[in-house]
Structures are given as structure tokens and as C-alpha cells.
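Analysis of the macromolecular model
Each chain, letter by letter, is given below.
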Amino acid sequence: MSSLDAEELRRILIQGSRALEAKVEAINALNVFPVPDGDTGTNMLLTMRSVNEESLQAPGTSAGVVMDAMAHGAFLGARGNSGVILSQFFHGLSQ
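Note that this is a predicted model, so its numbers are computed, not measured.

Turning our attention to the environment of leucine 9. Here leucine 9 is to be found in helix α1 (residues 6-22). Note: C-alpha distance between leucine 9 and alanine 63 (54 residues apart in sequence) is 6.6 Å. Those residues in contact with leucine 9 that sit more than four places away from it in its chain are Leu4, Ala63, Val66, Met67 and Met70.

Another point: the packing of helix α3 (residues 40-57) against helix α4 (residues 63-77). Running from N to C, α3 and α4 point in directions that differ by 140°, and their axes come no closer than 7 Å. Taken together, the axes of α3 and α4 are oblique relative to one another. Crossing hand, α3 versus α4: right-handed. Here α3 contributes Leu46, Thr47, Ser50, Val51, Glu54 and Ser55 to the contact with α4, which in turn contributes Val66, Ala69, Met70, His72, Gly73, Ala74 and Gly77. By residue class, the composition of the contact of α3 with α4 is six nonpolar, six polar and one charged.

Along the chain, the position of serine 50 falls in helix α3. Serine 50 has contacts with Gly73 and Gly77, leaving out every residue within four places of it along the chain.

This brings us to the packing of aromatic side chains. In total, this model carries one aromatic pair according to the counting rule given. Seen in terms of ring centroids, phenylalanine 89 and phenylalanine 90 are 5.3 Å apart; in terms of plane orientation they differ by 80°. Their pairing is edge-to-face. On the basis of relative accessibility, which here comes to 48%, the residue phenylalanine 89 falls in the partly exposed class. Given the relative accessible area of 2%, phenylalanine 90 is considered buried.

Moving on, we get to the packing of α1 against α4. Packing of α1 against α4 leaves a shortest axis separation of 8 Å and a crossing angle of 35°. The interaxial crossing formed by α1 with α4 has right-handed handedness. Between α1 and α4, the residues in contact are Ala6, Leu9, Arg10 and Leu13 and Ala63, Val66, Met67 and Met70, respectively. Its residues assigned to classes, the contact of α1 with α4 shows seven nonpolar, no polar and one charged.

Conventions we followed
Residues numbered from 1 in each chain as written. Predicted model: local features only at pLDDT ≥ 70, side-chain atom pairs only at ≥ 80, totals over all residues. Heavy atoms only, no water. Helix = DSSP H or I, 4+ residues; strand = E, 2+ residues; numbered from the N terminus. Contact = heavy atoms within 4.5 Å. Axes fitted to C-alpha atoms, helices over the stretch in contact; angles between N-to-C directions. Parallel < 35°, antiparallel > 145°, perpendicular 65-115°, else oblique. Left-handed = near helix turned anticlockwise from the far one by under 90°. Nonpolar A, V, L, I, M, F, W, Y, C, P; charged D, E, K, R; others polar. Phe/Tyr/Trp six-rings, centres within 6.5 Å; stacked < 30°, edge-to-face > 60°. Buried < 20%, exposed > 50% of the residue type's maximum accessible area, 1.4 Å probe, protein only.

Pasting the structure below:
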């Protein structure tokens, strides 16, 4: 069994952000409740960028340290309701 190190975790999240960025307009179009404001994908992407930036600043090679940094970045960089919900996901992972 292999373990997840900090670099692999960073790589996974950056790839996930790229996939989100490729679909941001489609996700924005899905946003209809409670108001069709059309920014869910954009808010999630901005939150993910904050997650990634914070992860790159995390010291060491521990996935736990990087995950804590990601949760912190998500909390500070959360945009809109979708960003806040996404930040809670990262908080849960870090716990």
C-alpha cells in the first residue's frame, strides 16, 4: 500500500482545478436555486485557486500539513455560497 505525499496531493488538486476551470461555464449554467445568478462555477474556481496557492506555501512533505493549508486557503478564499460549501469539504478532509 502506498501513501499520499504532499507533492502528489498538490498535483491532484491542481488537476482538479483545471478540470473545474474547463467546465466552469457549464456549472454556472446549472445554478438555478435559489436565484439563477450563474456564478457557482466561478465561485468554486476562485476558491480552488486560493486552496492551491495556500498549498504551494505549505512547508514540508507531509500530506497532512498540506491538507491543513488547503483548508485554511479555502476558508480565507471562499467566494459565495458554493465557495463556503467547498471550504467545508476541505475542512472535513483536514480533520
